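Descriptive analysis of the structure
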Amino acid sequence: MLAPQGFGTFAYDFSHLLGGAALVLSFTLLYQRRLAAVIHIYALQACVVGAAAAWQGFAQNAPHLYVTALIAFGAKGVLIPVALHRIVRRLDIRRQIEPALGIFPTMILGVGLVGLAIAVVLPSTRHVQAQTLAREDLALALSVVLLGMLAMITRRNALLQVVGFLSLENGLMLAAVGIEGMPLVVELSVAVLVLVAFVVFGVFFFRIRERFDSLDVRRLDPISEERR
Amino acid sequence: MILPLLAWLVLALLILAIPAPFSQPYVMPAVAGVCGAAAVAVLGFLAFGAEASEIVVPVGLPGASMRLALDGLSGVFLLLLFVSAGACAVYGHGDRESLAFFPLFVAAMALALLAADGFTLLLGFEAMSLASWAAILVHHEEKASRDAALLYVGMAAFSAACLLPALILLSPAGDRIDGLGFAAMRGAAAPEGFRGVLVLVLVVLGAGSKAGLFPMHVWLPLAHPAAPSHFSALMSGAMTKVALYVMIRVLFDLYAAPPPAWWGVPVIALGAASAVLGGLRANLEGDVKAVLAASTIENVGLIAIGIGVALTARGGDLPGLAALALAGALLHAVNHGVFKTLLFLGVGAASHAGGSRAISKLGGLIHRMPVTTGCVLAGGSALAALPPSSGFASEWLLFQSVLAAPRIGGLGLQIVFAVTVALMAVAAALAASAMVRLIGVAFLGRPRTPRGAVADETDRPARAAMLGLAGVSVALGLLPGPMLRLINPALHALTGSDLAERAGLLLVTPTSVALGYCAPAVAMLVGLGFFAALLVLRRLAVRGHVRGPAWANGFAASPAWLPFGDPVTQYGGDSFAQPIRRALGGALMAALEEVDMPAPGETRAGNLAIHLADPAERYLFAPIGRLRRAISSRADAMTFLSIRATLAVMFVALVVLLVVIAWVQA
């Protein structure tokens, strides 16, 4: 048990390293051009979040976090990526990703978002001096969430939107495990896992291929016009 | 003593609203009885010094009690309310379709007037709006009624949205629930700078939209004709006055310090605009009840001018003048409340008997309905401000106050007052012309329809109600002094000065420089002149009289199926309005005459179409409507976005929120 978790202690540095790794992987997600690589990076990020959860479980002496870590490793690091690979093969989705926004502007936007996340989180948690660890971690987690959203809107690919959503969820878990004494973390991770599974199955069952645009409600216009 | 009694009477009205939906015949007489008892109680309260009192009623919001109070100001308005409501209840004794809302409407208005905290005030104010909204919707099968009701309830919501923040701005910081009590507001420091101006703007918008002040007046000529007559009488006579009461209560009482003198100027400007526009519209409307509604706009404008002058004089530290102007405003509020109720009841009876509300379908009712016509004449002479009537007394006081007002301040204010006097004179002339048109076309002349020719006088209770109101109106005209004495406690509390020694039983002398007004003497003079003229005419006239066929404007003799002559050969409402429409309508109402003349040889009829557009509708409501449609069609497009665009919208909203948070913290 490493009791004082301040700046410069090993507990702080290591969890910071894991959070930073998740953030770097989020950036990596932004510039991928191939679907397989995207899924690999997502799996890697999920593993990093699982490692962060395990480390926090050790550092906070909170064994229930190991369950979260297990879910992150098993379900998100292995099962979901496998399922996604199968979807790509079974539906014969084009393996290239069509960007809606160029790589360079996307990266610039991402850096801006990280700056924003830090600018928001650090001053607003100013009064929580004791938990420096939580403050830095929160900034990283918020950055991961924002980058996940950015990945969702800058790609014209349905599967990438799903992966962006999953990566966003990784950011949420990172935030949840980083705060000491946060209640219901395990329940939260299970619930989110169910949600994520539904999204993945939804993609599979609705046979959404390259784009969500085929679900565009504009196609329903003739019907709604009649009803007016 | 009186206040608990009034609270119980209001409760009785609320209880009467329970059997009312089952059309019980005893409800209306009971309402009339309660109103009569309450009117006597308030009269006694005002006559014996009007000692202000406050009670706490153990009902209300969680953690708060309702507070009720009675003082000189609310007493004056309560007296008006109960007198008109009592007469309306007698008149509407046969009402079965809107019966459920009548006791509720009266009780809500009484609650708003008795309220001593912001929540109770708004509760009464909004319940009053909702009850009358339901009455407008009684004929919901007509589209015009539904549209009018929609506009009406929208304006009511707007007024609540304005009044609530105004009251919160006035309450002291800290405990919001207890702070909304009027006593706490009086004790708190008055908001200054832009917060003070915000209070003024919100109150003028909130109370003004309910009272029918200039840009917010559009609902009156639509909503009043749609409601049953005894409702529209009460809406016009009492409800608009409740709104004015709120304005006076906030600006003179709850705003603790005397406000800057310029605060009166916007009120005066809006009042003058309403007076002229309302007077003009009263001449142009084709519906008899819309004529009266438009004239209500005019009279509310005149009262607002009085309030504005009093506000300016109070800011300029001239309590005597403030008392005079406020006395004029309050007296006119009472007088207008009485004679407008009377006129609505009379015109309602006439249009019911004549089978139409259109001025061009009525006519010649004086022969079939002499009592109703006589009562309408009494009310109409007051509305036209003919000398011994009540309308003249109060408008004369208002004129005296505006004429005395230029000594308040510099050249700018003097110009404002000079223009105001001129506009008031125009409004008074327009009101007189509108009354001549209404009575001359709808009640005199020959019937225009077979239904109008066989119109029957209304039933006995309705006649009694109208005769009673006509009696009150004449008494107020002949003896304005005693009514001013009843108003005095309110003046003393609000301005620190009063008219106690200036308002005698017979003679009213508003200022030391002007001559007094002795209504009975004027009445005697007018009467003497009238009888002298009558004698001279009788001497000069041919003995006996013969009824002959009316001259048919050069047309052929009237056909057999029109025994009273072809209606188009009679001077009608539109023809009467034409000179005024051409002189003023073009500039103020965008009047447009469109003549559709068939070519020689064509057999279709020629047509003259008249288009009118209220400036408030053209420049305020139409752009707001376009803006609303534009926004909603933009928002509508959002339902058709692709999923990526939807996500992007949410993402941008989130980022903007975060930027705002970061910016606020920096």
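Fair warning: this is a prediction, and the values are worked out from it, not measured in the lab.

Looking only at helices and strands, chain B features 25 helices and six strands. Its C-alpha atoms give chain B a radius of gyration of 26 Å, near enough to 26 Å, the size a compact globule of 666 residues would have. If one aligns the C-alpha atoms of chain B with their principal axes, the spans along those axes are about 95 × 75 × 60 Å. For chain B, the proportion of its 666 residues judged to be buried stands at 52%. Total accessible area on chain B is roughly 27800 Å²; 70% of this is exposed by carbon and sulfur atoms.

Aromatic rings in a pair are described by how distant their centres are and how their planes are angled relative to each other. This structure, assessed with the given rule, holds 11 aromatic pairs over all chains. Arranged with centres 6.4 Å apart and planes meeting at 65°, the rings of B:Trp262 and B:Trp263 form a pair that is edge-to-face. Grouped by ring-pair contacts, the aromatic residues A:Phe14, A:Trp55 and A:Phe58 constitute a single cluster. Lying across the ring of B:Trp219, B:Lys210 places its NZ or CZ 5.2 Å from the centre.

Moving on, we get to the pattern of salt bridges. Residues and elements named next belong to chain B. Applying the stated criterion across every chain yields a total of 13 salt bridges over all chains. Measuring nitrogen to oxygen at the nearest pair gives 2.9 Å for the salt bridge that ties Glu 285 to Arg 281. What makes Glu 285 buried here is its relative accessible area of 16%. Overall, Arg 281 belongs to the buried group, its relative accessible area being 9%. One salt bridge connects Glu 593 with Arg 582, and the closest N-O pair in it is separated by 2.8 Å. One end of the pair, Glu 593, is in strand S5 (residues 592-596); the other, Arg 582, is in helix H23 (residues 573-589), with 11 residues separating them in the sequence. A residue is classified by how much of its surface remains accessible, and Arg 582, at 55% relative accessible area, is exposed. Each of Asp 71, Arg 186, Arg 249 and Asp 253 takes part in a single network of salt bridges with overlapping partners.

Looking now at the confidence of the model for chain A. As a general rule, the predicted coordinates of low-pLDDT regions are not to be interpreted in detail. In the predicted model, chain A carries a mean pLDDT of 79, and 82% of its residues have values of at least 70. Element-level mean pLDDT values for chain A span from 45 in helix H8 (residues 221-227) of chain A up to 90 in helix H2 (residues 35-59) of chain A.

Here we come to the layout of surface pockets. All names here are of chain B. Approximately 800 Å³ is the volume attributed to the largest pocket. Looking at the largest pocket, it is lined by 33 residues, and the ones nearest its centre are Pro 228, Ser 229, Lys 289, Gly 348 and His 352. Broken down by secondary-structure element, the contributors of at least two residues to the lining of the largest pocket are helix H6 (143-170), helix H10 (220-226), helix H11 (229-254) and helix H14 (319-354). Residues of the lining of the largest pocket, tallied by class, amount to 11 nonpolar, 14 polar and eight charged.

Right, let's get into the state of the cysteines. A complete count under the given rule lists zero disulfides over all chains for this structure. In this model B:Cys375 remains outside any disulfide bridge; the closest cysteine sulfur is found in B:Cys88, 13 Å from its own.

With that settled, the discussion passes to the domain arrangement of chain B. Along its sequence, chain B is organised into domain 1 (258-509 + 573-595 + 607-613) and domain 2 (619-665). For domain 1 of chain B versus domain 2 of chain B, the separation of C-alpha centres amounts to 47 Å.

Right, let's talk about the pairing of strand S2 (residues 66-70) of chain B for a bit. Residue and element names in this part refer to chain B. Most of S2 is tucked away, with five of its five residues classed as buried. In S2, alternate side chains face the same way, and those of Met 66, Leu 68 and Leu 70 on one face and Arg 67 and Ala 69 on the other are all buried. Taken together, the five bridges between strand S1 (residues 53-57) and S2 define a ladder with antiparallel strand orientation. By the bridge assignment, Val 57 is partnered in S2 with Met 66.

Accessible area lost during the coming together of the parts is what is often quoted as the interface size. Facing the 24 residues of chain A at the interface are 17 residues of chain B. Counting the surface lost from both chain A and chain B, the interface buries some 1700 Å², and carbon and sulfur atoms represent 73% of this. The largest share of the area that chain A buries against chain B comes from A:Leu116, A:Met149 and A:Ile153, three residues that together contribute 30% of it. On inspection of chain A and its partner chain B, the count reaches zero salt bridges. In this assembly, chain A and chain B are joined by zero residue pairs in polar contact (both at pLDDT 80 or more). Contributions of two or more residues to the side of chain A that touches chain B are made by helix H4 (103-124) and helix H5 (132-153) of chain A. Grouping the amino acids of the side of chain A that touches chain B by side-chain chemistry returns 14 nonpolar, two polar and eight charged.

On to unusual backbone geometry, then. Residue and element names in this part refer to chain B. Phi at Ala 50 is positive, roughly 55°, even though this residue is not glycine. Within the secondary structure, Ala 50 sits in the loop between helix H2 (27-47) and S1. Classification of Ala 50 as buried rests on a relative accessible area of 11%. Of note, Ala 590 is a non-glycine position whose phi angle comes to about 50°, a positive value. If you trace the backbone, Ala 590 turns up in the loop between H23 and S5.

Another aspect to go through is a nonpolar patch on the surface. A cluster of nonpolar side chains, B:Trp8, B:Leu11, B:Leu14, B:Ile15, B:Ile18 and B:Leu104, forms an exposed patch at the surface whose accessible area comes to about 600 Å². Sort the elements by how many residues they give to the nonpolar patch and helix H1 (residues 2-16) of chain B lands first, with four residues.

Before going further, it helps to examine the side chain of B:His217. Residue and element names in this part refer to chain B. Within the fold, His 217 resides in the loop between helix H9 (193-211) and H10. Judged by relative accessible area, which is 1%, His 217 ranks as buried. Once you skip the residues sitting within four places of it in the chain, His 217 turns out to touch Gly 212, Leu 277, Arg 281, Ile 297, Asp 614 and Ala 616.

Attention shifts here to a positive patch on the surface. Positive charge collects at one region of the surface, where A:Arg86, A:Arg89, A:Arg90 and A:Arg95 lie side by side. Residue classification places A:Arg89 among the exposed residues on the basis of a relative accessible area of 56%.

Attention now goes to helix H16 (residues 370-383) of chain B. Over its 14 residues, H16(B) runs 20 Å from end to end, which matches the ideal 20 Å to within 8%, given 1.5 Å per residue. On its buried side, H16(B) packs onto helix H13 (288-315), H14, helix H15 (365-368), helix H17 (390-404), helix H18 (411-442) and helix H20 (460-478) of chain B.

Residue and element names in this part refer to chain B. Secondary-structure assignment places Gly 380 in helix H16. Separated by 110 residues in the primary sequence, Gly 380 and Ala 490 have C-alpha atoms spaced 29 Å apart. Beyond its immediate sequence surroundings of up to four residues, Gly 380 is in contact with Leu 343, Met 435 and Ile 439.

One finds B:Leu78 and B:Phe82 to be the most contacted residues of the largest nonpolar core, which totals 192 residues. With 21 residues, the top contributor of residues to this core is H14(B). What B:Leu78 contacts, discounting residues up to four positions off in sequence, is B:Leu6, B:Val42, B:Leu70, B:Ala110, B:Leu113 and B:Leu114. Judged by nonpolar contacts, the second largest core, of 66 residues, contains A:Ala62, A:Ala69, A:Val144 and A:Val192.

Analysis parameters
Residues numbered from 1 in each chain as written. Chains lettered and ligands numbered in written order. Predicted model: local features only at pLDDT ≥ 70, side-chain atom pairs only at ≥ 80, totals over all residues. Heavy atoms only, no water. Helix = DSSP H or I, 4+ residues; strand = E, 2+ residues; numbered from the N terminus. Rg over C-alpha atoms; globule rule 2.2 N^0.38 Å. Buried < 20%, exposed > 50% of the residue type's maximum accessible area, 1.4 Å probe, protein only. Areas by Shrake-Rupley, 256 points an atom, 1.4 Å probe, with all protein chains shown as cover. Phe/Tyr/Trp six-rings, centres within 6.5 Å; stacked < 30°, edge-to-face > 60°. Lys NZ or Arg CZ within 6 Å of the ring centre and 35° of its normal. Salt bridge = Lys/Arg side-chain N within 4 Å of Asp/Glu carboxyl O. pLDDT = per-residue confidence, 0-100. 1 Å grid on protein atoms, 1.4 Å probe; cavity = no way out; pocket = protein on both sides within 12 Å on 5 of 7 lines; lining within 4 Å. Points joined across faces, edges and corners; volume = space filled by probe spheres on them. Nonpolar A, V, L, I, M, F, W, Y, C, P; charged D, E, K, R; others polar. Disulfide = S-S within 2.5 Å. Domains from an automatic or database assignment. Pairing = 2+ DSSP bridges. Contact = heavy atoms within 4.5 Å. Buried area = accessible area lost by both parts, 1.4 Å probe. Polar contact = N/O pair within 3.5 Å; in protein donor to acceptor, adjacent residues only side chain to side chain. Patch = residues over 30% accessible without salt bridge, like charges linked within 9 Å, V, L, I, M, F, W, Y side chains within 5 Å. Lys, Arg positive; Asp, Glu negative; His and termini not counted. Charge placed at Lys NZ, Arg CZ, Asp CG, Glu CD. Expected span 1.5 Å × (residues − 1). Core = buried A, V, L, I, M, F, W, Y, C linked by side-chain atoms within 4.5 Å.

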